[in-house]
Amino acid sequence: MIPSVSIRLAVESDLLPIIQLDALSNPHPWGESLVADALQTRKNWVVELGDATQKSIVGWLTASMVLDQSELELIVIDSSVRRQGLARQLMMVWLETVAQLGVSELLLEVRESNLGAISLYESLGFELVGRRKNYYQIEKKGQIEQDHEAACLFTLKIESL
Ligand SMILES: CC(C)(COP(=O)(O)OP(=O)(O)OC[C@H]1O[C@@H](n2cnc3c(N)ncnc32)[C@H](O)[C@@H]1OP(=O)(O)O)[C@@H](O)C(=O)NCCC(=O)NCCS
């Protein structure tokens, strides 16, 4: 089990650790400028491990919010601490916080091949509502290939919970 897990809103000084997390644990890293933009323009939460003397950021969720909808842009958990429920906890904090702000529907899209993430979303009650063919490019070793894969669109109505 992981000791001392805390989930909180991200602050400006989290930028560098989040950039590192994105670079090391996101299979399709956003890069510095997109991460910085997300911290300024979206709602962001981080998962921290450790005590008051030493903490490290091992998870990040960023989401947009427009009127009564909130869309997940990215969730990433450090590869070394996966399958311990951290993403589920982080998603629940997002859900509960935006619900209190008046959001009634959550949206997200995910690569069709990302079965782990799809399983996470389904376990929280998200329902598949659409599929965008050839939406994502498939990258291999930094090179962009001609192949594409579909995006799966999921939603969750908060009132239904
Ligand atoms: C997807 C991701 C965020 C999941 O993080 P995590 O902390 O390991 O997820 P959790 O431990 O909270 O998993 C909760 C449930 O989701 C499902 N799940 C998560 N990862 C899974 C995997 N690799 N394979 C199958 N099911 C998975 C399971 O149902 C799991 O419950 P269980 O462990 O009791 O079986 C993590 O793998 C990640 O950062 N991936 C890279 C970035 C990414 O793809 N983000 C999603 C697209 S934005």
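Analysis parameters
Residues numbered from 1 in each chain as written. Predicted model: local features only at pLDDT ≥ 70, side-chain atom pairs only at ≥ 80, totals over all residues. Heavy atoms only, no water. Phe/Tyr/Trp six-rings, centres within 6.5 Å; stacked < 30°, edge-to-face > 60°. Helix = DSSP H or I, 4+ residues; strand = E, 2+ residues; numbered from the N terminus. Buried < 20%, exposed > 50% of the residue type's maximum accessible area, 1.4 Å probe, protein only. Near = heavy atom within 4 Å. Polar contact = N/O pair within 3.5 Å; in protein donor to acceptor, adjacent residues only side chain to side chain. Areas by Shrake-Rupley, 256 points an atom, 1.4 Å probe, with all protein chains shown as cover. Nonpolar A, V, L, I, M, F, W, Y, C, P; charged D, E, K, R; others polar. Core = buried A, V, L, I, M, F, W, Y, C linked by side-chain atoms within 4.5 Å. Contact = heavy atoms within 4.5 Å. Salt bridge = Lys/Arg side-chain N within 4 Å of Asp/Glu carboxyl O.

Student: Give a detailed account of the packing of aromatic side chains, specifying residues and quantitative values.
Tutor: Under the defined criterion, the tally for this structure stands at four aromatic pairs. A ring pair is formed by W94 and F126, whose centres lie 6.4 Å apart and whose planes are at 10°; its orientation type is stacked. With W94 in helix 3 (residues 86-100) and F126 in the loop between helix 4 (115-123) and strand 6 (127-140), this residue pair connects regions lying 32 residues apart in the sequence. Across the pair, exposure class does not vary: W94 and F126 are buried alike. Through pairs of rings, three or more aromatic residues link up here, namely W94, Y121, F126 and F154.

Student: Run through the site of the ligand, naming residues and quoting values.
Tutor: Lining the immediate environment of the ligand, one finds 19 residues, of which I75, I77, R83, G85 and N114 sit closest. Residue R88 places a main-chain N or O atom 2.9 Å away from an oxygen atom belonging to the ligand. Contact distances for the ligand include 3.3 Å between an oxygen atom and a side-chain N or O atom of S119. Protein contacts shield 75% of the accessible area of the ligand, which totals 900 Å² for the unbound molecule. Secondary-structure elements contributing two or more residues to the shell around the ligand are strand 4 (69-77), helix 3 and helix 4. Here the shell around the ligand takes five residues from helix 4, the largest share from any one element. Considered class by class, the residues forming the shell around the ligand number 10 nonpolar, six polar and three charged.

Student: Break down the nonpolar core for me, with residues and values.
Tutor: Among the nonpolar cores identified, the biggest contains 31 residues, and L61, M91, W94, L106, Y121 and F126 are the most heavily contacted of them. Of all the secondary-structure elements, those providing two or more residues to this core are strand 2 (43-50), strand 3 (55-66), strand 4, helix 3, strand 5 (105-111), helix 4 and strand 7 (143-157). With near-sequence residues (within four places) excluded, M91 lies in contact with L61, L72, I75, L120, Y121, L124 and F126. Membership of the second largest hydrophobic core comes to 12 residues, among which are A10, I18, V35 and A38.

Student: Tell me about the pattern of salt bridges, residues and numbers included.
Tutor: For the structure shown, the criterion picks out seven salt bridges. Here D14 makes a salt bridge to R8, at a shortest N to O gap of 2.8 Å. What makes D14 buried here is its relative accessible area of 4%. Of the charged contacts in the structure, one is a salt bridge between K157 and E105, with a shortest N-O distance of 3.3 Å. One end of the pair, K157, is in strand 7; the other, E105, is in strand 5, and 52 residues separate them in sequence. Take K157: its relative accessible area is 43%, and that puts it in the partly exposed class. For E105, a relative accessible area of 13% puts it in the buried group. Linked by salt bridges that have partners in common, R8, D14, E48 and K55 make up one network.

As far as function goes, none of this settles anything; it's purely spatial.
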